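Close look at the chain arrangement
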Amino acid sequence: MGKSKIAKKIEKLEKEADQLRKKAEKKGKELQSQASDRIDELSDEISGDKDKGSKKGLVALLLAAGAGAAAFVMKKKRDQELDEALWDEPRSI
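The present account deals with the structure reproduced in this document. All of these numbers come straight from a predicted model, not from anything done at the bench.

What follows covers the overall build of the protein. Along the backbone of the protein there are one helix and zero strands. Here the protein holds 93 residues, and the buried ones make up 0% of them. On the protein, roughly 9,300 Å² of surface is accessible, and the fraction owed to carbon and sulfur atoms is 60%.

This is the structure:
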């Protein structure tokens, strides 16, 4: 008897989980469709804006690349200084 009650509860939970899975799949498809529509809208906006402000995008890209390169150089320099500090003053264990 105890096993059949547990089995019934398991079946009920499995049905609920299946319903939730179906709901999640449906919502996922809706969100994917909305995202696809938004991507299409943004692509249209970008293609329309290329003629007007293509230099703005290029300048922003160059600035971002410059900032990334500067950050990389600063990190390398910091790592080198830390390594040198460790060799200058080793700690006893």
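Back to the text.
There is a patch of nonpolar side chains on the surface, built from Leu 58, Leu 61 and Leu 62 and spanning about 320 Å² of accessible area. Topologically, Leu 58 is positioned in helix α1 (residues 2-88).

Its place among the elements puts Arg 21 in helix α1. Within the structure, the side chain of Arg 21 is placed 2.5 Å from the side chain of Asp 18, a separation counted as a polar contact.

Our focus in this paragraph is the pattern of salt bridges. Here the structure, examined in full by the defined rule, presents five salt bridges. Between Asp 18 and Lys 22 there is a salt bridge, and its shortest N-O distance comes to 3.7 Å. Of this pair, Asp 18 and Lys 22 are both found in helix α1, four residues apart, which corresponds to roughly one turn of the helix. Given a relative accessible area of 28%, Asp 18 falls into the partly exposed group. For Lys 22, a relative accessible area of 49% translates into the label partly exposed. For Glu 25, the salt bridge identified is with Arg 21, shortest N-O distance 2.8 Å.

Our next topic: a negative patch on the surface. A surface patch of like charges, here negative, comprises Asp 37, Asp 40, Asp 44 and Glu 45. By secondary structure assignment, the location of Asp 37 is in helix α1.

Here is what the cut-offs are and how they apply
- The residue count restarts for each chain, going from 1 along the sequence in the order it is written.
- With pLDDT at 70 or above as the cut-off, local features in this predicted model cover only qualifying residues; side-chain atom pairs require 80 or more to be listed or tallied, and sums for whole chains, interfaces and linings still use all residues.
- Side-chain figures throughout are based on the complete set of non-hydrogen atoms in the structure, without hydrogens or water.
- Secondary structure elements follow DSSP: runs of H or I no shorter than four residues count as helices, runs of E no shorter than two count as strands, and numbering proceeds from the N terminus.
- Only protein chains enter the accessibility calculation, which uses a 1.4 Å probe; a residue whose area is less than 20% of its type maximum is buried, one above 50% is exposed, and one in between is partly exposed.
- Method for areas: the Shrake-Rupley scheme with a 1.4 Å probe, in which residue coverage is limited to the protein chains shown.
- The patches described consist of residues with a relative accessible area above 30% and no salt bridge, like charges being joined within 9 Å and nonpolar side chains (Val, Leu, Ile, Met, Phe, Trp, Tyr) within 5 Å.
- Put simply, a salt bridge is a Lys or Arg side-chain nitrogen that is within 4 Å of an Asp or Glu carboxyl oxygen.
- Definition of a polar contact: a pair of N or O atoms within 3.5 Å, with one able to donate and the other able to accept a hydrogen when the atoms are protein atoms, and with sequence-neighbouring residues admitted only if both atoms are side-chain atoms.
- His is not counted, nor are the chain ends; Lys and Arg add positive charge and Asp and Glu add negative charge.
- Charge placement uses NZ in Lys and CZ in Arg. For Asp and Glu, CG and CD serve respectively.

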